[in-house]
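Each chain is listed here by its residues.
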Amino acid sequence: FVGATGSLSVNLSVEIALAAGVPSIAPLNGSHALRSGSAGSSVSVVHLRSSVIDESIAMVQYLRHSLSRELISVLYEPSVTEQATLDAISAACAQTGLALRAAVAMGGSMSGSVSALLGASSPLVPQAVIVVSSSSSLSAAVLELRRRQRPQASLQFVVGVISVNGLGSLSQDLGNDTSGLVISQVVPTHNSSVLARVQQLLPSATSISAELIEGYLAGRLIATSISALPCGSAVSNATIVSAVTNHPSLQLMPDLILPATVASGSCGGEGLKRVWLLAGNSSGSSLDSVGNLATLPHNSDCTVVDYSGLGTQALVFGQTLPLTGNLVSTSAALDLGVHAAFQEQNVQGGVGGRLLHVVHVDCSTDASVAAALGGVSGVLGFVGSYDNNVSTSISAVLNSSGLAFIGGIPSDTLAASTAVSMNVIRVRASYVDEMNALVNYATSVLGLTLFSVICSDNSFGEQGLSALRLALQAVNLQLLSSGNLSISIDASLSSLLNGAKPFTPEVIVVWADGRSAAAIVQAAKGVLPASVVYLCPSVVGDNFTSSPWSNTSNVYLSQVVPLISDSRYVVQEYRAGMNAVSSGVRLSATSFEAYISARLAISALQSVRGILSDFATLRPGQLLDIFYKARFFMLSDLVVGPYLVTCNQGLRQVWLTQASSGGVLQNLGSNGVFSFGSRPCSSDASTFATKYLVFGESADFSGPFKTAGIAVRAGIQAAFSEVNRQDGIGGYRLRLISIDDGYVTANTVSNTYALIRLGCFALIGYLGTGQSTAAAGIALAAKIPFIGAYTGTTDLRVPNGYTINIRASYVDEVFALINHATGAMGLTKVSIFFQAGSFGEQGLNAAVRALAATNLPLLSNGSYVGGTTAVTSGLNAIISGAYPFVPEAVLIFGAPLPAIQFVQEAQEFLPNTTVYLCASPVGDTFANSFSQALTNIFVVSVVPPLLNSSLPFVQEYLTSTKLENPGAVLSYAGIEGYANGRLATTVLKNQEGGNLSDPSAFVATLLRLSMLSLSQLPLGPYTATCNQGMRSVWLNQVSSGALVPVANGTFTFSGAGCMSDASTLKTKFLVFGQSAPFTGASGSNGPALRAGLLAAFKFQNDLGGLSGYQLKLWSLDDGYVLSNAIPNVGALISRGVLGLVGFFGSSISETSASISLATGVPLIGPLTGSAIIRQTTYNSVINLRAGYSDEVNAMVNFLVSGFAFRKISIFYQADSFGAIGLAALSAALEAVGLNILSSGTYAPGVVDPTLGLAQLQSAALPYEPQAVIVWATGMMAVNFVIRAKATFSSSVVYMGPSTIGATFASYFGPGTENLYVTQVLPPLTNLQYPSVIGYLNQIQRTYGSAFLSSTFGFEGYVNGRLLTMILQKVPSSQVANRQSLIQAVYDSGLFAEDGLTYGPYQLGACNQGLRQVWVSRCSNYTYFDVPYMSFAFPSSCTSDPKKSLQRAVVFGHLFSNDSTVTIALASAHSTAMRAFF
C-alpha cells in the first residue's frame, strides 16, 4: 500500500502490513502511534513524512528562534491530538526558554475554547498559539483567534498551524488572508524542482496541493528504490521493503534527497527527517516558505530523547504592558522598541550564545499581576515595561526574587528611598526631572514666570502638581492656578482661569495622558491668547503632536530620550533596528525609550558575561548586582548611570522639543537639553539655570493714564533686561508681572493681593495716588518693598520701612511749578485745575501750601471727575472763582486727556498770555496736542530731560529702551520706570550676606547705602525719616508739539531734607491791590498809576526786594465807577493783599478808606485829595499827596496873589469829588475875602461841556471870569478848556487840579497860554528833583517812553517808593503783616527820599505825607514848572486857608468908556460888586 489517506485507510494498511507483511509505504499520517510500538518496529510500515511531534518541535523552534515568540500556548483538537504531541511541545518550550504557558482542548464553542486559552494565559500575553487540529476544525479555530487579536500588530500573537490531515479550505475561509499564520508542512510544497516536475507530469492540474506532492514523492520513493535493486532481483513484499528502508540514501529529486535510515524496523523509518514551514500573507492564498528544519533524533520508540539540538535556552525578560484601554498603542511602541533591540542583538548571536526573548504581562489591572509574575519562572527581569499601575503589586515579587525591573515607563512611582528601589533600574529621568526641565526652559530660555497647571485626577497628576510646585519654588516662583480632570476639560480650564485672575497664565503645564492633553491644549487655545505656552511631559505620548493645533510653535514637550530625528547618541542604531523589525514602522519616543531600556539590559548581560563562564548558572540577582557594580553603561555615545546605592536612575538628562507644523517635534538645540549629571541622582533646585525675583505691578494700561502706565512698565523692563542679559544678579533674574487696573482703586487692591499671593518679591511702578496708597498698605502688611510709585502723594512719604519712593513728591512738583511761575515769570495770580478725589486734592493742597510759602493766595480752583474729559464746569469754576481777577497761570493737576481738553477750552476764555503749569501726570504725549505757536505751557518732569541731556543715566535709558524694543517711544514716564528698575537692581547688587530673595534685606541694604548714584543721577539720602530718592524736578516747555527743557529749569530742594518746603522757593511776595479806572472816561489814569507803581516795585525788586520778598501789584479795573470798585476792594482783601495802593477818585477812595478802617488793610496813597480820608480817625489810610483843599489853596494863592485875580469861577463834576473842589474853593476864596463868581457842573461820565459851560457863563454875568477852576478829569477837562477858550476872552486863565491827569497836556500844543495845573508832586520838567530823575529813568527802563510825561505815573512811582520806605522800617519777621506796615508808618513818622519829604505821620493826628503843592504851566503838549510858585505848608498836616492865604482888600471901580453909561447901569454894576466882594 502506498499513500494511504484518512485514518481508517491508514490504520487498515498498517494492520495488513503487520499481519500479512504487505508493506504500507508513506501513509499520509503523522501519528506517533503509527511510529511506535509494533507499528514502529515493523519493517513493513515505511514512513516518508515526519511525525506530528516533529512538526510541533519544529514549530516551537521556529517561533522561538526566528520570531522570538517566547510565550507559547496550545489550542488542540483532542480527537486528533496525541498526548505525545503535547508533551513534545512542552519539552521543546522548556528547552528553548519559558515553559508552555497553557494547553487548552477545543470543546463546546470555539469562542469558549479560545476564551479559556487566553484566560489560562493571563495576565501573561500569548505571543504564539499553536493550533493542533484536523482540517475540519482548523478554520474555526484560526478565525476565532484572529477575532481576538489586538489591533496593534506588534502585540498580536502568531498562530502556528499543525493540521493532521491538511489545511482543507483554510485559505478560502480566511479570505485568502493568511497573515499571522505559520504552517508546518511535511513535504516541500515550495520546492521549485518538485513543483516543476509535477506540473510537467500533470499539465492539466489547476493547483498543486501538499497531498499531491506527498503522493508524488511516495511514488518516487518506490520507483527510485525499486530501480536501485540489482538487475534481475525478484520483486516481493520483502524486497520492496528492503529496497526502501535499507538504501543509504535516495535522491527523489535532483535537489531532494531522502536521508539514509537507521536500522530497519526503527520508528517505521524516519523518512524525510525534515519539516517545512510556511508563513502566511495578506496578498493571496499562496504561502511563503520561511525555511525547513531537520527533525531531532528519535529513539526506537520514535520518541525524541534529546532536545539539545534545539539550541540553548533563551535569555528571557518580562515586559508589563497595558493591553486594554487607551494605552494599548503605548504598549505596542514599547514592545517594538524592546523587540528591535533584542532582534538586533540576536542577529549577532545573542549574548553568550543565547538569544534574547521577552514575554508580555497585561497590566491593565493589577489584581493578579504579582501572582502571575511570581509564577513566571525563568525570566531574568523586566525590561521596557509600563509600570505605573503595577509598581505596588510587583514590589514584593521583585524583592523576593531579585528580579531587575529595567527601564519602567513611566517612572517615579517607585521612589529611590524605598526598599524596592534597588530592584528597579530606572533608565529615564523622573517626572520630577521632566518637570524641572520644562520649568527651567520656560523660565531661563523663554523668560516666563506665570504658571498654571491642569493635571490628571490620579496619583500621576498629584506627582505632577507636587513636582511643579517644587520646581517653581526652586526658582522662587509660585503656582498661579490649577485645574483637575476630576471634572470636564472645559470646567477644569474654567477653574484654572478663574483661579489665575487677575493674571493670564503665560504657561499652562498639561500633566495628563496624550488624549486628554491634546483635548486640553485644543480647548485652551480657544480661550487663551496665542502667546500662551503649553508644557507637556513625555507621558502624553507619540500621537500627541498630530492634533489639529500642532502647527503652532508654543507647545513644548519633554523627552526622556534624545529626539529621534537627532543624529547623535544611539538614535541611528535605533532607527536601523526598528527598520529591521518592520520596514516603514513608525518611530516614536516611546519605542526609543524601550529600545534604550533593552539595550541597557543587553549591556548589563554583556557585563555579566565577563564574570560568568556560562549563563546556565545566571541568577536574576546577579544581573541586578551588575548595575551597581558597573555603575556606568555606554550605549554607543549615550551615557547611562552612574547607578548607586542611593540612586537607581540612569539618564541624567531631559530633552525638550517644540511642536511644529505637521506634528513634527523640533530639536531645541543646546537650550533644550536639561542636564543634571553633577547631581547624585535626580535634578533639584541647584540644577536650575535661573531663579527669579518677581516684581509685581498694578497700573493703568487701559484708562486715563494708560500712556504713562505702559511707559513706566517699559522703563522698568528695560532696566531689568540690562541685568538679565548678563545672567541676572546673584543667580536671579528679575521679572516684572504687570496687571491692568484701569486706574480703579478697587482693581488695584484686588490685583495687589493677587500679586502677593503670587509670591512677588516686591511691588513696583504703581500708578495713581489712591491706588498706590492702598497698595502700599497691603505691601506693608505683607512686609515686602513697595518701590517707585508713579505718584507724588505725601501719604507715601511717611517712612514705614517698606515704602520706597524715587520720584519727587507732588509737593515738589507743585513747588517747582509755582517757583517757576512766581520766581522766573513773576506771576502771582495762580489758579488750579485738578482731578476730584485724593489724587487731585494732593495737587490742590500742595498748590495752596506753595503759594502760601510765597505769601500768595490760590486765586481759584476747578475740578473734573476722574475718568472723564468733562472740563467745562471746572473751567467755569476757575473763571468765576477768580473774578474779578483773571488767572495769570493755571496749574493743571490731572490726567492727560482732560488736561489737553482743558487747555484747548481755556484758550477761548482766558487771555492768550495765560500760562499753563502742568504736573507730570499729564504725561509725555500731552505736548503733541498743541501747535507750534503755543509756548505758554510748561510741564514738570520728575526725571531728567530726555532732550539734549549729557547725563549718563539718560543715555543708558535711551540705549536700553531701544535695545529692548527698537520701536519704543521714549518718554519721561518711561525714564521714571527705568529709574525704578535701576534702583531695584542697584540695591540688589549691593545686598550683602544672605538670600537675595529676602525683602527685609533689600530695605535694610537701601538704608545702609543711603545715597545711590544711578549713573550720576543721585538718589537719596534714604534715611529713617525720609523714603524719597529724588531731590530735584525738571521743567519743560511745550514747543512745536514737544517738551523742551527750560534753561535753568532744574528745581532742586536737597537742602530741604526730604521734600520741598517754604525754604526751597526762590521768591516770596508782598502783594498790594489796586482798583483804578482802566476803561471809561478816566481809563488812561489807571494804567499810568499802575505803571508808576510797578516801576517803583521793579526798582526795589531788582535790588533783591525787601527781606526776601518781591513787591507785586494786583490791579482791577473799576471804570471810575464806585459800584465796581467796592467788589474789587472786597476781592483784593479776600485774596490777602498786604495793602491797597494806587486807587483813583474821591468817592472810590473814601469808600475804600472806610473798608480799610474796618478791616485793618492799609490804603496807601490813594490818588485823591479828599478831606474825608484825611480825618484823624482814618489811621489805616496812608496819604501821600496833598489834599484837594491844599491844591485849591495853592490855586487861589496862585491866582489871587500871583495874578491879583478876583473873579474866579469853577467847572466841577457833580459828585463827591466835585463837591470837595467846590467846598475847598469856597473856603479858600472866603479866606481871602472873595466869593465864587459862578459855577457850572457836569455829570460823571459825560464828556460834552456845553451845558456846564453855559451855566457858568450865565451865572457870571455881567462879568467874565478872570480864571476858571476846571475841577474835572479826563476828556471832560480837555473838552471844557477847548470850548471855554472859544467862548471867553484869551486872557482868562484856566487852572485844574492834579487829577486832571497827565494826558491833559497832550491836547494843548505850542502857543497855549493861561493854562495851569496844580501838582502834588514836582513837575516832571523840573529836573532839580532827584525823584523826577529817578522816575524818568525807571519808567523808561520799565516801559520805554509810554509814561515819561505822566503825572499819574509819577505819583504811582512815588507811592511805590514811599511804600518801599515804609516796608524797610518793618521788622523782617513781620514784613508781610498788615498791622506791622501801618505801625511802621507812625513809628517812623518821617520819610524822605530823592528830595521829597513825607510826613511826619502822626497816629491820630496826621495821615498825609507831602506838605507841598506845585503849579505847572501847560504848553507844547506838556507841563512846565512855574518857578517859585510851589505852595508849601510844612508846619501843618494840611493847609489852612485862613492861615496860609493873604486876605485881599478889594475895591470896586466903576468906570465908563463912553457916554452911554446910565444911572441904571451903574446901579446894577454897583449892586453886583457889593454882592461879589
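This text follows the structure it describes.
With their axes 7 Å apart at the nearest point, helix α33 (residues 1146-1159) and helix α35 (residues 1216-1231) run at an angle of 100° to one another. Viewed along their axes, α33 and α35 adopt a mutual orientation that is roughly perpendicular. Across the interface between the two elements, Ser 1146, Ser 1147 and Glu 1150 of α33 pack against Ser 1216, Phe 1217 and Ile 1220 of α35. For the contact of α33 with α35, the residue count by class is two nonpolar, three polar and one charged.

Right, let's talk about the pairing of strand β40 (residues 1032-1039) for a bit. For β40, the buried fraction is high: six of the eight residues fall into the buried class. Where β40 meets strand β41 (residues 1042-1052), seven bridges bridge the pair, whose relative direction is antiparallel. In the strand pairing of β41, Asn 1036 is matched with Pro 1045. Hairpin geometry of β40 and β41 is characterised by an intervening segment of two residues between the two adjacent antiparallel strands and by a positive phi of about 55° at Ser 1040.

For the rest of this paragraph, the subject is the state of the cysteines. The tally for this structure, following the rule as stated, stands at three disulfides. Disulfide pairing is shown between Cys 1026 and Cys 1058; the S-S distance is 2.0 Å. The disulfide joining Cys 1026 to Cys 1058 has a torsion of about 75° about its S-S bond and is therefore right-handed. You can see Cys 1026 sitting in the loop between β39 (1017-1019) and β40 and its partner Cys 1058 sitting in the loop between β41 and β42 (1068-1076), a full 32 residues away along the chain. Of the two residues, Cys 1026 and Cys 1058, neither departs from the other in class, the shared state being buried. In this model, Cys 1406 is linked to Cys 1437 through a disulfide, with the two sulfur atoms separated by 1.9 Å. Note on the Cys 1406 and Cys 1437 pair: the S-S dihedral is about 80°, so by sign convention the disulfide is right-handed. Placement of Cys 1406 in the loop between β53 (1396-1398) and β54 (1412-1419) and of Cys 1437 in the loop between β56 (1431-1432) and α41 (1441-1444) is noted, with a sequence separation of 31 residues between them. Under the relative-accessibility criterion, Cys 1406 is labelled buried at 4%.

Quick look at the layout of surface pockets now. Unfilled space is identified by rolling a water-sized probe across the atoms. In this structure, the second largest pocket occupies an estimated 1,100 Å³ of space. Lining the second largest pocket are 45 residues, with Gly 166, Leu 167, Gly 168, Ala 210 and Glu 211 positioned closest to its centre. Where the lining of the second largest pocket is concerned, the elements lending two or more residues are α1 (7-20), α3 (52-66), α7 (170-173), β8 (181-185) and α9 (210-227). Among the residues forming the lining of the second largest pocket, the class breakdown is 15 nonpolar, 25 polar and five charged.

To continue, consider unusual backbone geometry. Between Tyr 883 and Pro 884 the backbone carries a cis peptide bond, its omega angle lying at 10°. With respect to the helices and strands, Pro 884 occurs in the loop between α26 (872-882) and β35 (889-893). Cis peptide bonds are those with omega within 30 degrees of zero, and the linkage from Gly 1399 to Pro 1400 qualifies with 10°. Positionally, Pro 1400 belongs in the loop between β53 and β54. Even without a glycine there, the phi angle at Ser 1010 is positive, about 65°. Accessibility expressed as a relative area gives 18% for Ser 1010, which makes it buried. A positive phi is found at Ser 1107, a non-glycine position, where the angle reads about 55°. Locating Ser 1107 in the fold gives a position in the loop between α31 (1085-1102) and β43 (1109-1117). Ser 1107 sits in the partly exposed class, given a relative accessible area of 41%.

Definitions and limits used
Residues numbered from 1 in each chain as written. Predicted model: local features only at pLDDT ≥ 70, side-chain atom pairs only at ≥ 80, totals over all residues. Heavy atoms only, no water. Axes fitted to C-alpha atoms, helices over the stretch in contact; angles between N-to-C directions. Helix = DSSP H or I, 4+ residues; strand = E, 2+ residues; numbered from the N terminus. Parallel < 35°, antiparallel > 145°, perpendicular 65-115°, else oblique. Contact = heavy atoms within 4.5 Å. Nonpolar A, V, L, I, M, F, W, Y, C, P; charged D, E, K, R; others polar. Buried < 20%, exposed > 50% of the residue type's maximum accessible area, 1.4 Å probe, protein only. Pairing = 2+ DSSP bridges. Disulfide = S-S within 2.5 Å. 1 Å grid on protein atoms, 1.4 Å probe; cavity = no way out; pocket = protein on both sides within 12 Å on 5 of 7 lines; lining within 4 Å. Points joined across faces, edges and corners; volume = space filled by probe spheres on them.

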